[in-house]
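Letter by letter, the chains look like this.
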Amino acid sequence: MIKLSDLGQVYIVCGKTDLRKGIDGLAILIKEQFELDPFSGKVFLFCGGRRDRFKALYWDGQGFWLLYKRFENGKMNWPKNQNEVQALSAKQVDWLMKGFAISPKIKNTKAREFY
């Protein structure tokens, strides 16, 4: 398995992206909508509506790599908040690739009061 975090800082583009877009369309999205540099050597992750596949865009200094992965079983727990890009830690990237959320869910528990 390719460890995306080994390539550089990984950013997740939250919400739905039209995965029909290729290298140029995704690079323009990064530059114009999020004001980030697609030539920075960072990895940008995009997910469509089905959440069982994603694309990764990466500039290696000589050209773009466009990686595409489809999960055969299950779906990714992709953040739904539109128009946001989040930097991920290596652990968060690993969680995402395994289908887990990038942030742990905190249970709402009431503290017991003792008198």
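Residues numbered from 1 in each chain as written. Predicted model: local features only at pLDDT ≥ 70, side-chain atom pairs only at ≥ 80, totals over all residues. Heavy atoms only, no water.

Going by what an unreviewed UniProt entry lists, the protein is known as Transposase and is assigned to Lactobacillus xujianguonis.

Colleague: I would appreciate a short explanation of the side chain of D52 in the present structure.
Modeller: Residue position: D52 is located in the loop between β2 (43–47) and β3 (53–59). Judged by its relative accessible area of 14%, D52 falls in the buried class. Within the structure, the side chain of D52 is placed 2.8 Å from the side chain of R53, a separation counted as a polar contact. Excluding residues that lie within four positions of it along the chain, D52 makes contacts with K69, R70, F71, G74 and K75. (Helix = DSSP H or I, 4+ residues; strand = E, 2+ residues; numbered from the N terminus. Buried < 20%, exposed > 50% of the residue type's maximum accessible area, 1.4 Å probe, protein only. Polar contact = N/O pair within 3.5 Å; in protein donor to acceptor, adjacent residues only side chain to side chain. Contact = heavy atoms within 4.5 Å.)

Colleague: Would you take a moment to explain the packing of aromatic side chains for this structure?
Modeller: Where two aromatic rings form a pair, the distance of their centres and the angle of their planes describe that pair. Following the criterion strictly, the structure yields 5 aromatic pairs and no others. Measuring from centroid to centroid gives 4.9 Å for F39 and W59, while their planes differ by 80°, and the two rings are edge-to-face. Of this pair, F39 sits in the loop between α1 (23–34) and β2 while W59 sits in strand β3, and the two are 20 residues apart along the sequence. For the ring pair F54 and F71, a centre distance of 6.4 Å and an interplane angle of 35° mean the geometry is tilted. (Phe/Tyr/Trp six-rings, centres within 6.5 Å; stacked < 30°, edge-to-face > 60°.)

Colleague: What exactly am I supposed to notice about helix α2 (residues 90–97) here?
Modeller: Helical geometry note: an α-helix holds 3.6 residues per turn, so side chains three or four residues apart project in the same direction. Buried within α2 we find Q92, V93, L96 and M97. The buried residues of α2 occupy one face: seen down the axis, they fall within an arc of 135°. Of the surrounding secondary structure, the elements contacted by the buried residues of α2 are β1 (10–13), β2, β3 and β5 (85–88). At the exit of α2 stands G99, carrying a positive phi of roughly 95°. (Arc of directions from axis to C-beta.)

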